[in-house]
Amino acid sequence: MSELIELQDISLKAADMVEEGRVHKSLYSDPEIFEEELDKVFNNTWVFVGHESEVPDSGSFKTSFVGRHPVILTRDRKGNLHVLQNRCRHRGATVCEGRKGKTKALTCPYHGWGYGLDGSLRALPKPEEYDGVFDKKDMSLESLRFETYQGMVFATFKDDIEPLVDFLGGAKKWIDLFAKQGGGYPMKVLGEHRFNFPGNWKIQLENTTDAYHFPIVHKSFVSSLDDATADIFDFLDGEGFVEDLGHGHSVMVMIPELVDLEADLDQPIPARFEALAAELREEGKSEDEVKKLVRAAHGTGFNLNLFPNVSCSMAFFRVLRPVSVGETEIQHVALGGEGAPQAFNRKRMRLHEHFQGPMGFGTPDDGEAWERVQKGSQSGKDGWILVNRGMTRLRTSVDGNPQGAVCSETGMRGAYQQYKKMMAAGSTTNTAPAEEK
Amino acid sequence: MKSNTELLAKVTEFIGYEADLLDHKGYQEWLSLWTDSGLYIVPTDLNETDYLNTLNLALDDADMRRMRVARLINGESVSADSVGYTVRMMSRIRVLEASDDVVVARCAMTLNELRHGKLVTYPANIEYRLVPTDEGFLVDRKVVKLLHADGFLRTVSFIF
């Protein structure tokens, strides 16, 4: 009854719906809370927009989003990166469509205003009508503040936000480990899978730090593996852990022996990588390099959840975009090595196809579970979602952070505490555009 | 345009047969329709032809096809168990190349899926590379080019 009384208090705010070990189901289904989240969370933090390898050359662009705002990640002719609002300064049309590519200019299709890849307004038809009205140099595409770490590009509408490296904090060490995916070559985006699900974005955010579901939801995936690989994925009773890294970030180590892909290089080649090793040897790679590439081909043994929209998930980036309170778009970005042997990158793509994306052996079952969470959260006038697993069995990590068992909900609690802090804060900063309903 | 109606009839019959197997979940029989080196491909990029060096939605060799089928029928996948039915229409079938060793054909497909009471539609072009044998065709390559391959798809727990 006390829960019902609480809900009847119409002043209950989203921030109050997050308690230490549970969150209210309205956080998944209330459209007003969703609008508030776009304003207070997505407009007020660092949001992942892409990886530098997706815009490799001068003239490269990639479209992305910060919350609801369409943006463009570009590399200008001097090789500098920019994150620009995808909105013509004249009448507001998007100036760039398509996922990625190369172009000499960003041209508005409506009246032909042409912008450079640095956002500057270069040319427009019949400029004389603007004589004395405005100066072209003041009409660049609006840019966002952005910073990068290990090639990951984060942008923000909050101009006075702390530096990215401070925001990442304890997560930096794990990003550095994750960046060893390339097997000695720089990490590079190889392609991406895209899918959506009818559910709230936080359901996906939680899932990346939820090892508890793996043997249940992904039983059919594990059954498709050889025995040795299936053993690797049988990690709930192992030495793994979940660590709250602060700022809503967390790491879930499922396979401790695969935390550092450049360690333990004297291990024998697993059976499922024998064919890859043979191809690499044929290419003339030394045995040391073969072992390094094969070990990197696994991907790391952890998921690093970076609040609010990206995770470095074993071997790929998982990027979420909140579309509406009950719809979320997800990208599974495949990674390999820039300049690495083709056989290595091919293997990485085949492994990605096996589990990830809308046709993988894992994702559809995740999607089914998430869809049911969204549907179930509509049931009843009141109800709470539990995130209290392992709450009383915490220890302190070597880095001084709260750490629980691999199947604990330590990471979810960390994310929700950051969410609570941001949702409890006052209204949006003056630099963030107001959300339209 | 020279038309070989007998060959077109055989190809049409085969494509209809394969579609019927997939809609009625005759997956084991479907597995027997393939050459040993056959590839089932669902690309993400409709302009790409180097499928091995590109990320696809699916690129299944014989092992992956066998595992995909096992996943769909062994009762362990909650999403596969939630797929009601699919109904696919195959049409606009055209033979592009024909020799004693290989027949290349292209057709249109509209696949409808009922999942959790909602209808989802997948329009696609499909390209078949078929190998004629004494017992009929075997599939050496099937490329399913979904119209919205590079968009945000719903998850798929059936076979196109």
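Residues numbered from 1 in each chain as written. Chains lettered and ligands numbered in written order. Predicted model: local features only at pLDDT ≥ 70, side-chain atom pairs only at ≥ 80, totals over all residues. Heavy atoms only, no water.

### Considering the overall build of chain A
In step 1: Check the secondary structure of chain A and you find 14 helices and 21 strands.
In step 2: In terms of overall size, chain A behaves like a compact globule, its C-alpha atoms giving a radius of gyration of 23 Å where 437 residues would be expected to give roughly 22 Å.
In step 3: In terms of its C-alpha atoms, chain A occupies a principal-axis envelope of roughly 75 × 70 × 40 Å.
In step 4: A buried classification covers 57% of the 437 residues belonging to chain A. (Helix = DSSP H or I, 4+ residues; strand = E, 2+ residues; numbered from the N terminus. Rg over C-alpha atoms; globule rule 2.2 N^0.38 Å. Buried < 20%, exposed > 50% of the residue type's maximum accessible area, 1.4 Å probe, protein only.)

### Considerations on the domain arrangement of chain A
All names here are of chain A.
In step 1: Domain annotation for chain A reports domain 1 (47–148) and domain 2 (170–422).
In step 2: Averaged C-alpha coordinates put domain 1 and domain 2 at centres separated by 33 Å.
In step 3: The interface of domain 1 with domain 2 comprises nine residues on the first partner and 11 residues on the second.
In step 4: In total, domain 1 and domain 2 occlude about 1,100 Å² of area from one another, counting both sides; carbon and sulfur atoms represent 59% of this.
In step 5: Considering only the surface of domain 1 that becomes buried against domain 2, Phe-48, His-51 and Arg-99 emerge as the three largest contributors, covering 49% of it.
In step 6: Applying the counting criterion to the domain 1 and domain 2 interface returns one salt bridge. (Domains from an automatic or database assignment. Contact = heavy atoms within 4.5 Å. Buried area = accessible area lost by both parts, 1.4 Å probe. Salt bridge = Lys/Arg side-chain N within 4 Å of Asp/Glu carboxyl O.)

### Some remarks on empty space enclosed by the protein
Residue and element names in this part refer to chain A.
In step 1: One pass over the structure, following the stated rule, counts three cavities of 30 Å³ or more.
In step 2: Considered as a void within the structure, the largest cavity measures approximately 520 Å³ in volume.
In step 3: Lining the largest cavity are 36 residues; nearest its centre among them are Phe-233, Met-314, Phe-316, Phe-355 and Gln-356.
In step 4: Elements with a minimum of two residues in the lining of the largest cavity: β17 (316–324), β18 (327–337) and α12 (342–355). (1 Å grid on protein atoms, 1.4 Å probe; cavity = no way out; pocket = protein on both sides within 12 Å on 5 of 7 lines; lining within 4 Å. Points joined across faces, edges and corners; volume = space filled by probe spheres on them.)

### Overview of the environment of Val323(A)
In step 1: As for its placement among the helices and strands, Val323(A) is situated in strand β17.
In step 2: Here Val323(A) is in contact with Phe34(A), Thr328(A) and Glu329(A), once residues within four sequence places are set aside.

### Things to note about the side chain of Asp76(A)
Residues and elements named next belong to chain A.
In step 1: Among the structural elements, Asp-76 can be located in the loop between β4 (69–75) and β5 (81–85).
In step 2: A distance of 2.8 Å separates a polar side-chain atom of Asp-76 from the backbone nitrogen of Lys-78.
In step 3: A distance of 2.7 Å separates a polar atom in the side chain of Asp-76 from a polar atom in the side chain of His-82.
In step 4: Beyond its immediate chain neighbours, meaning those up to four positions away, Asp-76 contacts Ser-58, Gly-59, His-82, Leu-117 and Asp-118. (Polar contact = N/O pair within 3.5 Å; in protein donor to acceptor, adjacent residues only side chain to side chain.)

### A closer look at unusual backbone geometry
In step 1: Across the junction of Phe307(A) and Pro308(A), the peptide omega takes the value 5°, indicating a cis bond.
In step 2: For Asp264(A), which is not a glycine, the phi torsion comes out positive at approximately 55°.
In step 3: Looking at the element boundaries, Asp264(A) is found in the loop between β14 (249–253) and α10 (274–282).
In step 4: Its identity is not glycine, yet Arg92(B) carries a phi of approximately 55°, on the positive side.

### Here we look at the environment of Lys13(A)
Residue and element names in this part refer to chain A.
In step 1: Mapped onto the elements, Lys-13 comes out in the loop between α1 (2–8) and β1 (22–24).
In step 2: For Lys-13, a relative accessible area of 49% puts it in the partly exposed group.
In step 3: Between the C-alpha atom of Lys-13 and that of Ile-33, which follows or precedes it by 20 residues, the distance is 8.5 Å.

### Observations concerning the pairing of strand β11 (residues 152–156) of chain A
The side chains of a regular strand alternate between both faces of the sheet.
Residue and element names in this part refer to chain A.
In step 1: Where burial is concerned, most of β11 is hidden: five out of the five residues are buried.
In step 2: Burial along β11 is two-sided: the face carrying Met-152, Phe-154 and Thr-156 and the face carrying Val-153 and Ala-155 are both buried.
In step 3: As judged from the four bridges shared by strand β2 (residues 47–51) and β11, these two strands associate in the antiparallel manner. Residue pairing in the sheet places Gly-50 in a bridge with Val-153 of β11.
In step 4: The pairing of strand β10 (residues 145–149) with β11 spans five bridges and is classified as antiparallel. Its bridge partner lying in β11, Tyr-149 is registered against Met-152.
In step 5: Hairpin connection, β10 to β11: the antiparallel pair is bridged by two residues, and Gln-150 has positive phi, about 50°. (Pairing = 2+ DSSP bridges.)

### Structural notes on the packing of aromatic side chains
All names here are of chain A.
In step 1: Counting across every chain of the model gives 27 aromatic pairs over all chains.
In step 2: Summarising the aromatic geometry, the rings of Trp-174 and Phe-241 are spaced 6.4 Å apart at their centres and angled 70° between planes, so their arrangement reads as edge-to-face. Of the two residues, Trp-174 is situated in helix α5 (residues 172–178) and Phe-241 in strand β13 (residues 241–246); the sequence distance between them amounts to 67 residues.
In step 3: For Trp-174, a relative accessible area of 4% corresponds to the buried category. (Phe/Tyr/Trp six-rings, centres within 6.5 Å; stacked < 30°, edge-to-face > 60°.)

### Concerning the interface of chain A and chain B
In step 1: Each side of the interface is counted separately: chain A has 34 residues, and chain B has 34 residues.
In step 2: At the boundary of chain A with chain B, total buried surface from both sides reaches about 3,100 Å², with 56% on carbon and sulfur atoms.
In step 3: Three residues stand out in chain A for area buried against chain B, namely Met359(A), Phe361(A) and Glu368(A), and they jointly supply 23% of the buried area on that side.
In step 4: Linking chain A with chain B are five salt bridges.
In step 5: Here Glu76(B) makes a salt bridge to Lys219(A), at a shortest N to O gap of 3.3 Å.
In step 6: For the pair chain A and chain B, the interface holds 20 residue pairs in polar contact (both at pLDDT 80 or more).
In step 7: Contributing elements (two or more residues each) for the side of chain A that touches chain B: β12 (187–197), α8 (219–223), β18, α12 and α13 (363–376) of chain A.

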